[in-house]
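Structural characterization, general
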Amino acid sequence: MNVNLPIYMDYSATTPVDPRVAEKMMHYLTLQGVFGNPASRSHKFGWEAEHAVEEAREHIAALVNADPKEIVWTSGATESDNLAIKGVAHFYQAQGKHIITCKTEHKAVLDTCRQLEREGFEVTYLDPQPNGLIDLKELEANIRKDTILVSLMHVNNEIGVVADIAAIGEITRAHKVLFHVDAAQSTGKVAIDLEKMKVDLMSFSAHKTYGPKGVGALYVRRKPRVRLEAQMHGGGHERGMRSGTLATHQCVGMGEAFRIAREEMLSEGERIKALRDKLWNGIKDMEEVYVNGDLEHRVPHNLNVSFNFVEGESLIMALKDIAVSSGSACTSASLEPSYVLRALGRDDELAHSSIRFSIGRFTTEADIDYAIDLIRHKVGKLRELSPLWDMFKDGIDLKSIQWSAH
Amino acid sequence: MSYSEKVLDHYENPRNVGAMDKEDTSVGTGMVGAPACGDVMRLQIKVNEHGVIEDAKFKTYGCGSAIASSSLLTEWVKGKTLEEAGAIKNTEIAEELALPPVKIHCSVLAESAIKAAIEDYQSKNAATTA
């Protein structure tokens, strides 16, 4: 059994570029390759680059069953979220200034909404249910006459739960409210059919799906047509919605990554689910171990677990042979426990004790075996060190103690 | 976050892990922090008739720096008088372990833990002699 240490188990933070993708991208950079500006209309260099970008656009559209004309290139899902939410808010503000989102969204959505609040918009932040999913009745009850947009993620980045965007789309369309979905974590993992789903805008990222960092896309529905106010002004690229010279090699990389995702999604999903289940089965009989978020409505790539009475950061340190995270990479610089887990109503202790394992295309069975042994050993060791574990074993209710907050 | 070698050493080979009988009058117990904040330290000292700390034990729930701060402290207080141990400053711990600014609170917690343990010992013994 051979494993290369450390083992990468943080695929939800980013994925390695698939070698097939990297190989293809290399042909779009140098003098010998297709390096032209896709917007150059006067020569072959430009035409070839334009052709490459359009072919890549078709691959993006094909993965989600959309028209290539509905795909706008961006620098990543954060930009796509900004363009979708601010773009809609600024264009439709005469019709209303109310937006609905959820407390467990990615910061790219939450912080964009905060900015709109500073500009005079009103935002409702829905509470998720304890399983991490929102209650559709509650969503509908919060739609008002002046609501212009609902923004909800497809797959949560921390706990991997999958929202029923098809059902949400029926509600928003019936109320004539636009629906934006951040799908950064779902492409290549969950089937998306935008002909059927009543989603108006959808954000994509390349680097969560074995493509390069620095490129993403926004789906903008044409029928019924969705209008956006551009956030980036300049040469009028991407039909005026997002100016800036297209990064040909990046677009090609994302296109190739999404083409592969479409072809391999089913078989890959099954393989990864078997690995994730193996990981969970290998640790679930330990005492005081809890899965965060719904285990059924969840992508196979994610396992978010709280090891009670063990603090997450010290566990990550103990598990240094496997690269994992507590919560999302975007917030792991702070000492606060995950805002996502807190929104689920998890106790602070359990939120402090959580680890996100996210696996993917290059995870092997040997990696999982190694991880299970390491987790069992290190959690046991840290519990030997934990006064809280002592108290739990002595039958003391930790909630009965008057703790001195600091 | 990268840790200093000293933090890693204490974290991987923590000194004086364990528990003492907290009903014993020669034992002082200090428990500080809160689970909700992500740090709880329990520090125990055994004091002889000359007021010298003969032994120290700890258990800590917290990050690597919190574990290292309490482990280091148990090494430092052994053989010290209560007065000397009570004079240990968090800045000395932080300096010894090269704690980054975001982890200074771990050394503060360790200082509170030894103070609480001394206080517990003194209050127990004031009560028995009174």
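Residues numbered from 1 in each chain as written. Chains lettered and ligands numbered in written order. Predicted model: local features only at pLDDT ≥ 70, side-chain atom pairs only at ≥ 80, totals over all residues.

Turning next to the overall build of chain B. Along its length, chain B carries 5 helices and 3 strands. Moving toward the C terminus, one meets the helices and strands of chain B in the order α-β-β-β-α-α-α-α. Here the C-alpha radius of gyration of chain B, 14 Å, is about what a compact globule of 130 residues would show, namely 14 Å. A principal-axis box enclosing the C-alpha atoms of chain B has dimensions of 50 × 30 × 20 Å. Expressed as a percentage of its 130 residues, the buried residues of chain B come to 46%. Residue pairs at least 24 apart in sequence account for 63% of intrachain contacts in chain B once pairs closer than 6 positions are excluded. (Helix = DSSP H or I, 4+ residues; strand = E, 2+ residues; numbered from the N terminus. Rg over C-alpha atoms; globule rule 2.2 N^0.38 Å. Buried ≥ 20, exposed ≤ 12 C-beta atoms within 10 Å, placed from the backbone. Contact = placed C-beta atoms within 7 Å.)

Here we come to the interface of chain B and chain A. Contacts between chain B and chain A engage 24 residues on the former and 20 residues on the latter. Of all the secondary structure elements, the ones that give two or more residues to the side of chain B that touches chain A are strand S1 (27-34), strand S2 (39-47), strand S3 (53-61), helix H2 (64-77) and helix H5 (104-129) of chain B. Looking at the side of chain B that touches chain A residue by residue, the class counts come to 16 nonpolar, 6 polar and 2 charged. (Nonpolar A, V, L, I, M, F, W, Y, C, P; charged D, E, K, R; others polar.)

So, on to the sheet that holds strand S8 (residues 216-220) of chain A. Residues and elements named next belong to chain A. With respect to topology, 7 strands assemble into an open sheet ordered S2-S8-S7-S6-S5-S3-S4, the strand pairing being mixed. Each edge of the sheet is formed by a strand with only one pairing partner; in this case those strands are strand S2 (71-74) and strand S4 (122-126). Strand after strand, the sheet turns through a mean of 20° between neighbouring axes, direction not considered. Of the pairings in the sheet, the one linking strand S3 (residues 98-102) to S4 comprises 5 bridges and is parallel in character. What sits directly across from Ile100, in S4, is Thr124. On top of the sheet, helix H4 (residues 107-118) reaches S3, S4, strand S5 (147-153) and strand S6 (178-182); it is set at about 155° to S3, its chief contact. (Pairing = 2+ DSSP bridges. Axes fitted to C-alpha atoms, helices over the stretch in contact; angles between N-to-C directions.)

Attention now goes to the confidence of the model for chain B. Residues and elements named next belong to chain B. Predicted confidence across chain B gives a mean pLDDT of 92, with 96% of residues reaching 70 or more. Ranking the elements of chain B by mean pLDDT puts H5 last with 90 and S3 first with 96. Scoring of the predicted complex yields 0.92 for pTM and 0.92 for ipTM. (pLDDT = per-residue confidence, 0-100.)

A few words on the nonpolar core. With 83 residues, the main nonpolar core has Ile60, Leu149, Met202 and Tyr219 of chain A as its most contacted residues. In this view, Met202 of chain A contacts Val64, Val181, Ala183, Leu194 and Tyr219 of chain A; residues no more than four positions away in its chain are not counted. (Core = buried A, V, L, I, M, F, W, Y, C linked by C-beta atoms within 7 Å.)

With that out of the way, let us pick up the environment of Cys251 of chain A. All names here are of chain A. Considering the arrangement of structural elements, one finds Cys251 in helix H7 (residues 248-283). It is 21 Å that separates the C-alpha atoms of Cys251 and Arg222, two residues lying 29 residues apart in sequence. The residues touching Cys251, leaving out its near neighbours within four places in the chain, are Val53, Ala56, Trp73, Val215 and Leu246.

All right, on to the pairing of strand S12 (residues 354-358) of chain A then. Residue and element names in this part refer to chain A. For S12, a buried count of 5 out of 5 residues is recorded, marking the element as mostly surrounded by other parts of the structure. Taking every second residue as pointing to the same face, both faces of S12 are buried, with Ser354, Arg356 and Ser358 on one and Ile355 and Phe357 on the other. Across 5 bridges, the pairing between strand S10 (residues 302-307) and S12 is antiparallel. Following the sheet pairing, Ser306 is matched in S12 by Ser354.

So, on to the environment of Pro14 of chain B. Tracing the backbone shows Pro14 of chain B in the loop between helix H1 (5-12) and S1. Of the residues examined, Pro14 of chain B has 21 C-beta atoms within 10 Å and is grouped as buried. Each C-alpha atom, one on Pro14 of chain B and one on Ile53 of chain B, is 19 Å from the other, the two residues being 39 residues apart in sequence. Those residues in contact with Pro14 of chain B that sit more than four places away from it in its chain are Leu385 of chain A together with Ile67 and Ser71 of chain B.

A few words on the sheet that holds strand S9 (residues 289-291) of chain A. Residue and element names in this part refer to chain A. The strand order across the open sheet formed by 3 strands is S9-S10-S12, and the pairing between neighbours is antiparallel. Strands with a single pairing partner mark the edges of an open sheet, and in this sheet they are S9 and S12. On average, each strand axis in the sheet is tilted by 30° relative to the strand beside it, whichever way the strands run.

A few words now on H2 of chain B. In an α-helix there are 3.6 residues to a turn, and that puts residues three or four apart on one side. Residue and element names in this part refer to chain B. Taking 1.5 Å per residue as the helical rise, H2 with its 14 residues ought to reach 20 Å, and the 20 Å between its terminal C-alpha atoms agrees with that figure. Burial runs high along H2: 12 of the 14 residues are buried. Positive phi appears at Gly79, one or two residues downstream of H2, with a value of about 90°. (Expected span 1.5 Å × (residues − 1).)

This part covers the pairing of strand S7 (residues 201-205) of chain A. Residues and elements named next belong to chain A. Counting buried residues in S7 gives 5 out of 5 residues, a clear majority hidden from the surface. Side chains Leu201, Ser203 and Ser205 project from S7 onto one buried face, and the interleaved Met202 and Phe204 project onto a second face that is buried too. Where S6 and S7 come together, 3 bridges link them in parallel fashion. By the bridge assignment, Asp182 is partnered in S7 with Ser203. Bridging between S7 and S8 involves 5 bridges; their strand directions are antiparallel. Bridged to Phe204 within S8 is Ala217.

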